[in-house]
Amino acid sequence: MNTKKTSLILLAALALSLGACGGSDGGGNITAATKDTAIDPSSSPSTSSGSTQKQAIDYTLGKAMNARLGKGINMGNTFDATCESCWGGGPVEQSQVQAIAAAGFNSIRLPVRWDLEALREAPYTIAPEYLARVKEVVGWINAAGLVAIINMHHHESFLEDVINPEAEVKNQKPNLENAEMHLARIDAIWTQIAAYFADIPNENLVFELFNEPRAGVSADLHNQMIARTYPIIRATNPGRTIMYGCNDYNAYTGIRTLKLPADGNIIFTPHYYVPAQYALQGENYRCPSELTVWEATTAEKNAMQSDFDKMVELANQYYPGGLPINIGEFGATECGGIPSRVKWVTHFVKLAKEHGFSWNYWGFTNVGGYEIYDKQLGTWYDTETLNALLK
């Protein structure tokens with residue numbers, strides 16, 4: 001089974017070496033942006049790569065949606081897999097969505113692999129039945145009273161198009177000869193997604209541009225993608241909240257090279273699997289012989305506190321005005337033991353609330369050892385972690 005984090009140790013190692021990574025709010029009660037709220041599609045991305053943005057942005061709309069997202073979960077290994085049922089997480093069932101809502105979550109992040117469902121040549125048409133199926137699940141999420149996030153996940157045709165595939169991911173270089181083709185295809189895919197989902201109220205759905213850019217999608221190409229797709233999305237979704245991650249697998253330190261639109265209805269969405277030797281150990285149910293635990297020592301808690309403080313510091317440095325932050329993915333495998341995971345999650349949730357972050361836990365069911373729900377039994381089997389998330 002394909003796992004989601006083969007190289008995420010690079011993320012955590014990079015984050016730690018630079019000063020670290022990621023967290024949540026909770027209630028989800030603030031009024032979100034309305035569908036009638038228009039934003040100038042001609043607004044250009046910030047030129048903040050390597051320098052501090054000069055003018056503060058009013059992030060009132062982004063903050064309102066961030067509060068609505070609150071405490072969320074990822075339904076991974078579903079639409080992000082090679083087929084909805086191929087990796088064990090799917091198919092998504094309405095009863096599962098209802099269980100998530102009943103537990104007390106506020107949002108569901110639905111990773112989507114559009115790459116395999118769109119033509120490889122212009123006009124890059126997405127399979128109509130695939131669009132309809134994703135929209136059906138988004139409808140279930142909204143009917144349950146939750147906010148949905150849909151993204152572009154595992155876009156491997158671009159991510160893996162490098163000139164030195166034998167190198168480690170962190171050292172791989174994009175194949176620039178094909179860059180325009182990849183960017184044009186993403187333009188076309190987002191044109192279709194934006195138009196197809198434009199009728200869903202803004203308070204019910206968030207778009208996340210691109211998951212964990214790296215390798216074939218360099219920081220520069222990612223910024224070009226942002227600049228090109230921003231007016232495309234705004235043309236049909238003027239009041240939709242848009243989320244943006246950053247390079248190095250969404251390590252928050254990637255914000256230093258990020259060029260975000262000068263738009264107050266956006267959210268920054270880093271990921272957090274730190275410390276890597278604890279959170280990522282034994283992914284895909286292969287626990288190592290020597291296990292690492294997280295004991296909530298003073299040093300461990302201070303390290304996480306430092307990460308969260310640094311996230312806010314960098315966001316304020318490059319995007320003054322209070323750029324909203326959603327930790328789009330965070331989690332730990334069971335290898336270190338459930339008691340250890342509960343301690344880690346408990347401290348994460350505490351710090352996320354203190355910093356005003358929303359979050360989406362990875363993940364729901366059959367996601368390589370991070371899961372807390374038993375799909376076969378139709379019940380929450382790790383109620384200790386569930387309670388730590390939602391208390």
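Residues numbered from 1 in each chain as written. Predicted model: local features only at pLDDT ≥ 70, side-chain atom pairs only at ≥ 80, totals over all residues. Heavy atoms only, no water.

Engineer: Is there a simple way to explain the overall build of the protein chain in this structure?
Structural biologist: What the protein chain contains, in helices and strands, is 12 helices and 12 strands. A total of 391 residues make up the protein chain; the buried ones form 60% of that total. When the accessible surface of the protein chain is split by element, carbon and sulfur atoms take 53% of a total near 14100 Å². (Helix = DSSP H or I, 4+ residues; strand = E, 2+ residues; numbered from the N terminus. Buried < 20%, exposed > 50% of the residue type's maximum accessible area, 1.4 Å probe, protein only. Areas by Shrake-Rupley, 256 points an atom, 1.4 Å probe, with all protein chains shown as cover.)

Engineer: Looking at this model, I keep getting lost on the pattern of salt bridges. Mind explaining?
Structural biologist: Where side chains of opposite charge bring their charged atoms close, a pairing between them can arise. Tallied over the full model, the rule gives 17 salt bridges. Residue R133 pairs with E84 through a salt bridge whose shortest N-O separation is 2.7 Å. Here R133, found in helix α4 (residues 128-143), pairs with E84, found in the loop between β1 (71-74) and α3 (94-103); they are 49 residues apart in sequence, far enough to count as distant. Residues R133 and E84 agree in their burial class; the two are buried. Its salt-bridge partner being D187, residue R228 comes within 2.7 Å of it at the nearest N-O pair. With a gap of 41 residues between them, R228 in helix α7 (residues 219-236) and D187 in helix α6 (residues 179-196) connect regions that are remote in the sequence. (Salt bridge = Lys/Arg side-chain N within 4 Å of Asp/Glu carboxyl O.)

Engineer: Help me understand the sheet that holds strand β3 (residues 147-151), please; the structure alone is not making it clear to me.
Structural biologist: Strands belonging to one sheet form pairs held by backbone hydrogen bonds; the direction of such a pair is parallel or antiparallel. The strand order across the open sheet formed by 8 strands is β6-β5-β4-β3-β2-β1-β10-β8, and the pairing between neighbours is parallel. Lying at the two open borders of the sheet, with one neighbouring strand each, are β6 (266-268) and β8 (326-327). Of the strand pairs in this sheet, β3 and strand β4 (residues 205-208) are connected by 4 bridges, and their pairing is parallel. For A148, the partnering residue across the bridge sits in β4 and is L205. Sitting on the sheet, α4 touches β2 (107-110), β3 and β4, and the angle it makes with β3 is about 155°. (Pairing = 2+ DSSP bridges. Contact = heavy atoms within 4.5 Å. Axes fitted to C-alpha atoms, helices over the stretch in contact; angles between N-to-C directions.)

Engineer: Explanation requested: the packing of α6 against α7 in the structure shown.
Structural biologist: Relative placement of two packed helices is described by the angle separating their axes and the distance separating the axes. It is at 9 Å that the axes of α6 and α7 come closest, and there the two elements cross at 25°. Looking at the two axes, α6 sits roughly parallel to α7. Where α6 crosses over α7, the handedness of that crossing is right-handed. Residue-level inspection shows A179, E180, L183, A184, I186, D187, W190, T191, A194 and A195 of α6 in contact with α7, the latter providing L221, Q224, M225, R228, T229, I232, I233 and T236. A class-by-class count of the residues in the contact of α6 with α7 yields 11 nonpolar, 4 polar and 3 charged. (Parallel < 35°, antiparallel > 145°, perpendicular 65-115°, else oblique. Left-handed = near helix turned anticlockwise from the far one by under 90°. Nonpolar A, V, L, I, M, F, W, Y, C, P; charged D, E, K, R; others polar.)

Engineer: Explain the confidence of the model for the protein chain here, please?
Structural biologist: Caution applies to low-pLDDT parts of the model: their predicted coordinates are not meant to be read in detail. On average, the protein chain scores 90 in pLDDT, and the residues at 70 or more come to 86%. Note that residues 6-44 has pLDDT below 50 and, in this model, 119 contacts with residues that lie over four places away or in other chains. (pLDDT = per-residue confidence, 0-100.)

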